[in-house]
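These are the residues of each chain, in order.
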Amino acid sequence: MRLLLALAAVLAAAGVALAQDARNAVLDGDDSRSQVDIASVNATHDRTNDRLAHIIRFHTRIGPGDFRNAVDEHGPPGSVCINIWTRRTPWEASPNFEVCVSADRDRNLVASVSRLGSRGGVRRRGPASAELTSRRRLVVRFDPDLIRRPAAYRWSAQVTTFERGCTSRGCQDFAPRRGRTVRTELGTPTS
């Protein structure tokens, strides 16, 4: 009986945390030429499995094929990235880390965490997971140790796609809008 009560308490706490995170979502208007246009994004520290999760919702249905480069078949694919600042000043300096999702040639989603050097170097830190939990919802999860487990971090989401009608830098969408960030705090893992 105590085990059931403990399980019910954990599930109730997780439900409250998810409900709070849904209220803290950053909304973004239908403002990009890209089909992969952010509608909202939020982040949470899932303390039960000690993972950071960024949940991105889109205005229209998307799939891995929407990340292909429609302008140059040998060019880079499109991506969804979470730009993360842990020590540098957001938007005055490049992010310290980025967690990016793209699609491979077989149209599978691939994701990883990279550290960005102050002089432009990029070093892969480790894997992330990316899952389309619906045709309009992408969940990106990663271990906070890959970004050196800060007490808090600032972030923004960025989509870049290469579709007809985009500039040579692609169609881009930011949430919150370019120049702004959101702060997320990490808690103590529950285990």
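Note: the structure precedes this text.
This report concerns the structure included in the present document. (Residues numbered from 1 in each chain as written. Predicted model: local features only at pLDDT ≥ 70, side-chain atom pairs only at ≥ 80, totals over all residues. Heavy atoms only, no water.)

**Focus: the overall build of the protein chain**
Each helix and strand in the protein chain was counted, giving one helix and 12 strands. Relative to its full complement of 191 residues, the protein chain shows a buried share of 43%. Within the protein chain, counting contacts between residues at least 6 apart in sequence, those at least 24 apart form 52% of the total. Accessible surface, the protein chain: about 11100 Å² in total, of which carbon and sulfur atoms supply 48%. (Helix = DSSP H or I, 4+ residues; strand = E, 2+ residues; numbered from the N terminus. Buried < 20%, exposed > 50% of the residue type's maximum accessible area, 1.4 Å probe, protein only. Contact = heavy atoms within 4.5 Å. Areas by Shrake-Rupley, 256 points an atom, 1.4 Å probe, with all protein chains shown as cover.)

**What to know about the state of the cysteines**
What the rule picks out here adds up to two disulfides. The disulfide that involves Cys81 links it to Cys100, with 2.0 Å between the sulfurs. The disulfide joining Cys81 to Cys100 has a torsion of about 110° about its S-S bond and is therefore right-handed. In this pair, Cys81 sits in strand 4 (residues 79–85) while Cys100 sits in strand 5 (residues 97–103), placing the two residues 19 residues apart along the sequence. (Disulfide = S-S within 2.5 Å.)

**Topic: the side chain of Ser114**
As for its placement among the helices and strands, Ser114 is situated in strand 6 (residues 109–116). By relative accessible area, which is 10% here, Ser114 ends up buried. Those residues in contact with Ser114 that sit more than four places away from it in its chain are Asn96, Phe97, Glu98, Val122, Arg123, Arg124 and Arg125.

**What to know about the environment of Leu186**
Mapping Leu186 onto the fold places it in the segment after strand 12 (182–185). Remark: the alpha-carbon pair of Leu186 and Pro144, spanning 42 residues in sequence, is separated by 8.5 Å. Setting aside anything within four residues of it in sequence, one finds Leu186 in contact with His45, Leu52, Pro144, Arg149, Pro150, Ala151 and Tyr153.

**Things to note about the pairing of strand 7 (residues 122–127)**
Bridge count between strand 6 and strand 7: five bridges; the pairing is antiparallel. Each residue of the ladder has a partner; that of Arg115, found in strand 7, is Arg123. In sequence, strand 6 turns back onto strand 7 through a hairpin of five residues, with Gly120 there showing a positive phi of about 100°. (Pairing = 2+ DSSP bridges.)

Structural measurements only, silent on function.
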